[in-house]
Amino acid sequence: MRLLKQTFRRSLSVMLIAACLSCATGPAPQHTSREVRTSIYYDNKGAELLNRGCYAHALRYLQANHQHYSAADDQEGVAHSLNTIADLYFRTGDMTGALSIYDDAIFVFQSLKDNSGAARAMSNKAATLSAMGRLEEAKAVLDQADAMDTEHAQTALRLKTRALLAIKQNDLPQAKTLLARALEASGGSEASIRGSIYFTSGYVALREKQIDPAQADFNQALEIDRASGAYFDTARDLEALGKCAVARQEYRQAVDYFKRAAKIFALLKDRSKADEAAAQLKQSAAQADIDIQATLHWIHQWLDESKGSPLCE
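All values reported here derive from a predicted model rather than from experimental measurement. (Residues numbered from 1 in each chain as written. Predicted model: local features only at pLDDT ≥ 70, side-chain atom pairs only at ≥ 80, totals over all residues. Heavy atoms only, no water.)

## Examining the packing of aromatic side chains
Line of reasoning, step 1. Under the counting rule described, the total for this entry stands at seven aromatic pairs.
Line of reasoning, step 2. Ring centres of Phe-199 and Phe-218 lie 5.3 Å apart, and the angle between their planes is 50°; this geometry places the pair in the tilted category. Here Phe-199, found in helix H10 (residues 191-207), pairs with Phe-218, found in helix H11 (residues 211-227); they are 19 residues apart in sequence, far enough to count as distant.
Line of reasoning, step 3. Given a relative accessible area of 1%, Phe-218 falls into the buried group.
Line of reasoning, step 4. Ring-pair connections join several aromatic residues into one group, and the members of that group are Tyr-41, Tyr-42 and Tyr-61. (Phe/Tyr/Trp six-rings, centres within 6.5 Å; stacked < 30°, edge-to-face > 60°. Helix = DSSP H or I, 4+ residues; strand = E, 2+ residues; numbered from the N terminus. Buried < 20%, exposed > 50% of the residue type's maximum accessible area, 1.4 Å probe, protein only.)

Next up, the structure:
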């Protein structure tokens, strides 16, 4: 997501302005508006929570962020906040809501003549359409994104999204080619994009029963996601590595991966994903004859605790 980079730029700009003004002479400086200062805080907090996988908490900050940018009539901030809220809707399964908000973001980006921002939102919209099975519409939107991205700032994202479309069309060789190109273009991209490229590449390899390449890609995704504090994505990577271990009939190793994944999902209060990982954990534990009662105790306790997730404070 571009939000982290955008937030950094905004935060850095404020610091640079403050540094310059502290040694300047002449008329009193014009202060940054309260709404912009507040929106920078919400940018940082919302992006951090979203990266962790704390979606409900992140939404509160991102909505407040959108309100403050709107109050300041900061249309660049409005556009980026809309795109990020739509990303969150996508990740939580609200595809209809995501589409509507992506369209709003695209409109603002185009009004600003921000081709890179528009291309990013279009790529995200295409991924949503692809996930909904609306493949022809997804392809048309991706073609628009290609034409819009004149600075090639979103090349890695666009290629990864085309790979997702190819997967939906069961064209795995084309998906592999697109993902390899996306990885080559991802050198300057944020961690979330590079991690997702590796994860998607691992998924394709696993679909083709190429276990060694799949495991290598999932390990790369795990390294990136763990280093960036992306808890949900880390758990997703661990679960995928567990599936690789099952494919090799290495059930003891699978137990280790599924344990770690289920515990993170439970800490995030994602009952559906925690239950799914726990079910795979039970199956592998039965094959390896390993007692997992202590782990199941923690999973159930963390899911049932009334207080919020400690990872989202």
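## So, the side chain of Thr-84
Line of reasoning, step 1. As for its position among the elements, Thr-84 is in helix H4 (residues 75-91).
Line of reasoning, step 2. Of the residues examined, Thr-84 reaches a relative accessible area of 2% and is grouped as buried.

## Considerations on the state of the cysteines
Line of reasoning, step 1. Within the structure shown, the criterion is met by one disulfide.
Line of reasoning, step 2. Between the sulfur of Cys-54 and that of Cys-312 lies a disulfide, 2.0 Å long from S to S. Looking along the S-S bond of the Cys-54-Cys-312 disulfide, the torsion reads about -85°, which is the left-handed sense. Of the two residues, Cys-54 sits in the loop between helix H2 (34-52) and helix H3 (55-71) while Cys-312 sits in the segment after helix H15 (293-304), which places them 258 residues apart along the sequence. (Disulfide = S-S within 2.5 Å.)

## Quick word on unusual backbone geometry
Comment: phi is negative for the bulk of residues other than glycine, and the bulk of peptide bonds are trans.
Line of reasoning, step 1. In this structure, Lys-113 takes a positive phi of about 60° despite not being glycine.
Line of reasoning, step 2. Locating Lys-113 in the fold gives a position in the loop between helix H5 (95-111) and helix H6 (115-131).
Line of reasoning, step 3. In this structure, Lys-209 takes a positive phi of about 60° despite not being glycine.
Line of reasoning, step 4. Inspection of the secondary structure puts Lys-209 in the loop between H10 and H11.

## Brief notes about H10
Line of reasoning, step 1. Over its 17 residues, H10 extends 24 Å from the first C-alpha to the last, a length consistent with the 24 Å expected when each residue adds 1.5 Å.
Line of reasoning, step 2. Among all positions in H10, only Ile-193, Gly-195, Ser-196, Ile-197, Tyr-198, Phe-199, Thr-200, Gly-202, Val-204 and Ala-205 are buried.
Line of reasoning, step 3. Where H10 is buried, its residues meet H6, helix H8 (155-168), helix H9 (172-184), H11 and helix H12 (231-247). (Expected span 1.5 Å × (residues − 1). Contact = heavy atoms within 4.5 Å.)

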